[in-house]
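Okay, here's what each chain looks like letter by letter:
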Amino acid sequence: MSDDRLDALRAMVAKFPEDPRPRFFVAHELVKAGAFAEAVEHYRAYLLLEKGDVGAAWRELGRCLERTGEPQQAADAYRRGIASARENGHAGLASEIEMLLDELTR
């Protein structure tokens, strides 16, 4: 990840604070950089702003929470992701998140 790309995305977040998409993109770049705690903040902000089809974002939030040592919160994110995926007709995504949840809770 280039610092320029991340800086540009952060500038978009600042310019359009009510638009959830820049938050998602920043979080994705932060994950690639291994900055999981900061990515958690942006995924959470994204999920507060975006009310639609958000199963994948819950999955990614759960993964980040696992990496930051928050298994209970990760499990909750996975459960919410499963519910969102099912509500939006994404059986494959729901199954994927269920596997993550199973691995976490073993």
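Residues numbered from 1 in each chain as written. Predicted model: local features only at pLDDT ≥ 70, side-chain atom pairs only at ≥ 80, totals over all residues. Heavy atoms only, no water.

Caption draft 1: Spatial organisation of the overall build of the protein chain. Looking only at helices and strands, one finds 6 helices and 0 strands in the protein chain. Along the protein chain, helices (α) and strands (β) appear in the sequence α-α-α-α-α-α when read from the amino end. Over its C-alpha trace the protein chain gives a radius of gyration of 14 Å, about what one expects of a compact globule, namely 13 Å for 106 residues. Counting only C-alpha atoms and orienting by the principal axes, one finds that the protein chain spans roughly 40 × 25 × 20 Å. Within the protein chain, the fraction of its 106 residues that count as buried is 41%. Considering only residue pairs separated by 6 or more positions, the protein chain has 42% of its internal contacts joining residues 24 or more positions apart. Counting only carbon and sulfur atoms, one obtains 50% of the accessible surface of the protein chain, whose full area is about 6100 Å². Of the side chains in the protein chain, 15 bear a positive and 19 a negative charge, and the two mean positions are spaced by 1 Å. (Helix = DSSP H or I, 4+ residues; strand = E, 2+ residues; numbered from the N terminus. Rg over C-alpha atoms; globule rule 2.2 N^0.38 Å. Buried < 20%, exposed > 50% of the residue type's maximum accessible area, 1.4 Å probe, protein only. Contact = heavy atoms within 4.5 Å. Areas by Shrake-Rupley, 256 points an atom, 1.4 Å probe, with all protein chains shown as cover. Lys, Arg positive; Asp, Glu negative; His and termini not counted. Charge placed at Lys NZ, Arg CZ, Asp CG, Glu CD.)

Caption draft 2: Representation of the pattern of salt bridges. Enumeration over the complete set of coordinates arrives at 9 salt bridges. Among the ionic pairs, E60 bridges to R59, the shortest N-O distance being 2.7 Å. With its nearest N and O atoms 2.9 Å apart, the salt bridge here joins E60 to R63. On the criterion of helical spacing, the pair formed by E60 and R63 is a turn pair, its members being 3 residues apart in helix 4 (residues 55-67). Residues participating in the shared-partner salt-bridge network are R59, E60, R63 and E96. (Salt bridge = Lys/Arg side-chain N within 4 Å of Asp/Glu carboxyl O.)

Caption draft 3: Broad picture of helix 4. Here helix 4 contains 13 residues, and its C-alpha end-to-end distance of 19 Å stays within 8% of the 18 Å for a straight helix at 1.5 Å per residue. Every buried residue belonging to helix 4 is among G55, A57, W58, R59, E60, L61, G62, C64 and L65, and all of these are buried. Buried positions along helix 4 lie against helix 2 (20-32), helix 3 (36-49), helix 5 (71-87) and helix 6 (91-105). Taken from the residues just after helix 4, G69 is the one with a positive phi, measuring 75°. (Expected span 1.5 Å × (residues − 1).)

Caption draft 4: View of the packing of aromatic side chains. One pass over the full model with this rule turns up 3 aromatic pairs. Measuring from centroid to centroid gives 6.4 Å for F24 and F25, while their planes differ by 80°, and the two rings are edge-to-face. Ring geometry for F24 and Y43: centres 5.7 Å apart, planes at 75°, overall edge-to-face. Taken as a pair, F24 in helix 2 and Y43 in helix 3 lie far apart in primary sequence, 19 residues in all. These aromatic residues form a ring-pair network of at least three members: F24, F25, Y43 and Y46. (Phe/Tyr/Trp six-rings, centres within 6.5 Å; stacked < 30°, edge-to-face > 60°.)

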